[in-house]
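Chains, contacts and geometry: an overview
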Amino acid sequence: MKLIISEKEIAAKRIASILAGNGVKDEKVYGVPVHSFKRADGDYKVIGLKGHILKVDYPGEYANWFKVEPTELIDAKIEKIPIQKKIIRALKKVAEEADEFIIATDYDREGELIGYDALQLASEKNSRAESKRVKFSAITARDIDEAFSKIGKIDLNLAFAGRARQDIDLIWGATLTRFMSLATYQLRDKFLSVGRVQTPTLAIIVERELEIKSFIPTPYWVVKLSLKTGSGEEFEAIHKKKRFLKNEEAAGIYKKLGDRGTVSGVVERIKDVKPPPPFNTTALIMSGSVLGFGASRTINIAENLYMNGYISYPRTDNTVYPSSIDLKEITSMLGKSDQYRKMAGEVLSQEKITPTRGRKKTTDHPPIYPTSLVEKSRLKSDEWKLYDLVVRRFISTLLPSSKMKSITATINVDGELFTANGSNMVEDNWTKFYPYYKHKDVYIPDLKEKQELSVTGKELQDKETKPPGRYTQGKLVEKMEELGLGTKATRHTIIQVLVNRGYVKNNPPQPTEKAIAVIKMLKKHAEKISSPDMTSELEMYMDGIVSGEETREEVVEKSRSMLKEVMVVLNKEKEEISAEVRKGIKEDQVVGKCVRENCKGDLIVRVARASKKRFVGCNAYPECKQTFSLPQKGLLVTTEDQCKHCEYPMVKIINKGRRPWDLCVNHDCPGKDEKYKNFGNKQGSPKTNSKS
Ligand SMILES: [Zn+2]
Ligand SMILES: [Zn+2]
């Protein structure tokens, strides 16, 4: 029997049905689904894992934070520990009768490691079986059949690069997190997490926030005109200088403007609006932001679409279609639906299809493209939105540029020059099928040189420069890629980690005071941890393992010596670090302004001396005795938000493995239904389930 091991159960099921046709028998081994079937070359079984089934961790004797110096963790032994015990048991059981193992996990660093771990476990029960590897980028009949006709071996270098990543993240994360938490007395739920990728990413968010906070707006003035042609067409123009930094100068010009103007020049240009490059992971996440999805949401939906065979593998850096993809065939397939018939027709009517190409080319996976046609009614609404986006992006990359006409007219009014800009799409190609391309036509009338115009209105506008905006999740992922932080497989998860750790809130992500304090302090005392350089250097070494230039041991060792240098500095300046961070944490304890009439105090999170329970109290105590109880479990993050029902302050409660819970501190809030009112007692949170 040949045992196929896939990354997830849903992929296992699909692979079985593709290879077997109809004759799949489903059974359960220790509660885990196993799919069996026969083919001409023998019996097969397929089992699905749940991603990683092992994790790395330190042996038990390192578990006590108070007995082990954080720096001891750097050289401590690392063990592999089962995290999916049921699946491991089932895997070992079915492995007993196999004479061949076929790894069919996702083809990348993480997938190779998952496959390698599974092979190690399976071989414990059966060392005679041969091991093989199939690689594919889409779970469709065509790709799976092709993969099984070109069966190969597992790529140890790729798996070891994944293992190095696991080791390094554990060593850095555990050492730095313990050091920071102990130095600042932030323990248990409140621990201060520091990591190799998450901390430089947080630094990007914090730096932008500080830029926004310290921004001083510069005032400026704009002189604007409303104009009319002889035939009554109206339009607007602004003074050629655009921004006046002195009010008097703008006002002087404004005053002397009369009610007649002359067109002194018209320039028309036709501009190509090029279609976008094929989708890779980062570009997909950016576009997902436009649909209102956070980075993790986009990737989770995309992964689901991939497992079901609707789109190709969504973790890819590639932006160039390989020649093995039949672009025409996919377009024809899409054209079979009413929804996409017209756009597919337009692609196929071209004499030659020239797809766009982006800057990055890799050979592991193609860019993300639709692999089969699915009806809207078969998908959930969010899944459909993302699928439709992938289809439209694919079609767009195969269509010619659109053409836009831009017109710039110069108008002379009493010796002052004004400009009016118009633009409109004169040839709408890919742009008419891709609603995510934002353009608004601005019409100005057909103007001729020396044409006379009447001035129907003038305006002196007061304006000021604006601070830069916060990074959206999509922008942040793009920035991480640019700086070499994380990989296509991990970037989107980092943002979620920062939310769960109480470092960022809201969307677009905004740092908490604690985050600002941690980053400011690290920049001052250990710049290396908050800057992207060291992390991107390590990512480069890990790529070196894949290409065989470095070994896993060498790279992990290099990372150890980097961390040792950092720890020397941190240990030396421990006290200053502690004081600064604790100040930031204190500021995070402000929930909002006191709600009692005439009280000017702040509501803050306090801990009762006797019961050790946390609650909200007014800092004008004892004059003001306003208090509110709080849930005792979970990390509490203060917000600037007010309840939309009663305008009392809102807080966020973050429990591991659950969605953050937004809570109004007012027990009698009209927005709360009965079961939510008693959060203060044993229950912890209203969504408590039996597990915790
Ligand atoms: Zn008060
Ligand atoms: Zn309320």
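Reading the values: the criteria
Residues numbered from 1 in each chain as written. Chains lettered and ligands numbered in written order. Predicted model: local features only at pLDDT ≥ 70, side-chain atom pairs only at ≥ 80, totals over all residues. Heavy atoms only, no water. Helix = DSSP H or I, 4+ residues; strand = E, 2+ residues; numbered from the N terminus. Buried < 20%, exposed > 50% of the residue type's maximum accessible area, 1.4 Å probe, protein only. Contact = heavy atoms within 4.5 Å. Areas by Shrake-Rupley, 256 points an atom, 1.4 Å probe, with all protein chains shown as cover. Lys, Arg positive; Asp, Glu negative; His and termini not counted. Charge placed at Lys NZ, Arg CZ, Asp CG, Glu CD. Core = buried A, V, L, I, M, F, W, Y, C linked by side-chain atoms within 4.5 Å. Pairing = 2+ DSSP bridges. Axes fitted to C-alpha atoms, helices over the stretch in contact; angles between N-to-C directions. Salt bridge = Lys/Arg side-chain N within 4 Å of Asp/Glu carboxyl O. Donors = N, O, S within 2.8 Å, 3.2 Å for Na, K, Ca; no water. Tetrahedral: all angles 85-135°; square planar, octahedral: opposite > 155°, others 65-115°. Arc of directions from axis to C-beta.

Topic: the overall build of the protein chain
In terms of regular secondary structure, the protein chain is built from 20 helices and 23 strands. Expressed along its principal axes, the backbone C-alpha trace of the protein chain runs to roughly 95 × 80 × 55 Å. When each of the 692 residues of the protein chain is scored for burial, the buried share is 52%. Sequence-distant contacts, at least 24 apart, represent 71% of the contacts inside the protein chain between residues at least 6 apart. Of the roughly 34200 Å² of accessible surface on the protein chain, 48% is carried by carbon and sulfur atoms. For the protein chain, the distance from the average site of its 118 positive side-chain charges to the average site of its 95 negative ones is 4 Å.

Focus: the nonpolar core
Membership of the largest hydrophobic core comes to 63 residues, with the highest contact counts inside it found for Tyr58, Trp172, Leu176, Met180 and Leu570. Tallying contributions element by element places helix 5 (residues 156-183) first for this core, with ten residues. Beyond its immediate sequence surroundings of up to four residues, Trp172 is in contact with Thr177, Val194, Arg196, Met534, Leu538, Ser559, Met562 and Leu563. Within the second largest apolar cluster, 62 residues are counted, among which are Ile15, Ala104, Phe148 and Tyr313.

A closer look at the sheet that holds strand 14 (residues 452-464)
In space, the six strands of this closed barrel follow the order 9-10-13-12-11-14, with antiparallel pairing throughout. Neighbour-to-neighbour, the strand axes of this sheet turn through a mean angle of 35°, independent of strand direction. Sheet topology note: the strand 12 (residues 402-413)/strand 13 (residues 416-427) ladder contains eleven bridges and is antiparallel. Paired with Ile407 across the two strands is Gly422, which belongs to strand 13. On top of the sheet, helix 7 (residues 247-256) reaches strand 9 (219-228), strand 10 (234-239), strand 13 and strand 14; it is set at about 160° to strand 14, its chief contact.

Some words on the sheet that holds strand 2 (residues 25-29)
Ordered in space as 2-3-4-1-7-8, the six strands form an open sheet in which the pairing is mixed. Of all the strands in the sheet, the pair left with one neighbour each is strand 2 and strand 8 (130-133). Each strand axis lies, on average, 25° off the axis of its neighbour in the sheet, ignoring direction. Where strand 7 (residues 100-104) lies against strand 8, four bridges are found, and the strand directions are parallel. Across the sheet, Phe101 pairs through a bridge with Ser131, a residue of strand 8. Its contacts with the sheet put helix 1 (residues 9-20) on strand 1 (2-6), strand 3 (32-39), strand 4 (42-48) and strand 7, and the angle it makes with strand 3 is roughly 15°.

Quick look at the pattern of salt bridges
Scanning all chains against the criterion turns up 50 salt bridges. Its salt-bridge partner being Arg560, residue Glu557 comes within 3.0 Å of it at the nearest N-O pair. Taken as a pair, Glu557 and Arg560 lie in helix 18 (residues 552-572) at a separation of three residues, close to a single helical turn. Look at Arg560 and you get buried, because its relative accessible area is 12%.

Details of the coordination of the zinc ion (ligand 2)
The protein atoms that coordinate the zinc ion (ligand 2) are Cys643 (SG), Cys646 (SG), Cys664 (SG) and Cys669 (SG), at distances of 2.2 to 2.4 Å. The site at the zinc ion (ligand 2) holds four donor atoms, and with the angles between them running 97 to 119°, its shape is tetrahedral. The sequence pattern describing where the donors of the zinc ion (ligand 2) fall on their chain is C-x2-C-x17-C-x4-C. Remark: Cys664 occurs in strand 23 (residues 661-664) and Cys643 occurs in the loop between strand 21 (635-642) and strand 22 (649-654); sequence separation between them is 21 residues.

Examining the coordination of the zinc ion (ligand 1)
The protein atoms that coordinate the zinc ion (ligand 1) are Cys594 (SG), Cys599 (SG), Cys618 (SG) and Cys624 (SG), at distances of 2.3 Å. Bound by four donor atoms, the zinc ion (ligand 1) shows angles of 102 to 117° at the metal and therefore tetrahedral coordination geometry. Between consecutive donors of the zinc ion (ligand 1), the numbers of intervening residues give the motif C-x4-C-x18-C-x5-C. Remark: Cys618 occurs in strand 19 (residues 614-618) and Cys594 occurs in the loop between strand 17 (590-593) and strand 18 (602-607); sequence separation between them is 24 residues.

A look at the side chain of Ser296
Tracing the backbone through its elements, the reader meets Ser296 in helix 9 (residues 295-307). Here Ser296 is in contact with Gln473, His492, Thr493 and Gln496, once residues within four sequence places are set aside.

Let's talk about helix 14 (residues 491-500)
Along helix 14, the residues that are buried comprise Arg491, His492, Ile494, Ile495, Leu498 and Val499. Projected down its long axis, helix 14 carries its buried residues within an arc of 160°, all on one side. Looking at the buried positions of helix 14, the neighbouring elements they touch are helix 6 (198-213), helix 8 (281-290), helix 9, helix 13 (473-483), strand 15 (504-505) and strand 22. Positioned one or two residues after helix 14, Gly502 has a phi angle of 75°, which is positive.

These figures come from the coordinates and say nothing about function on their own.
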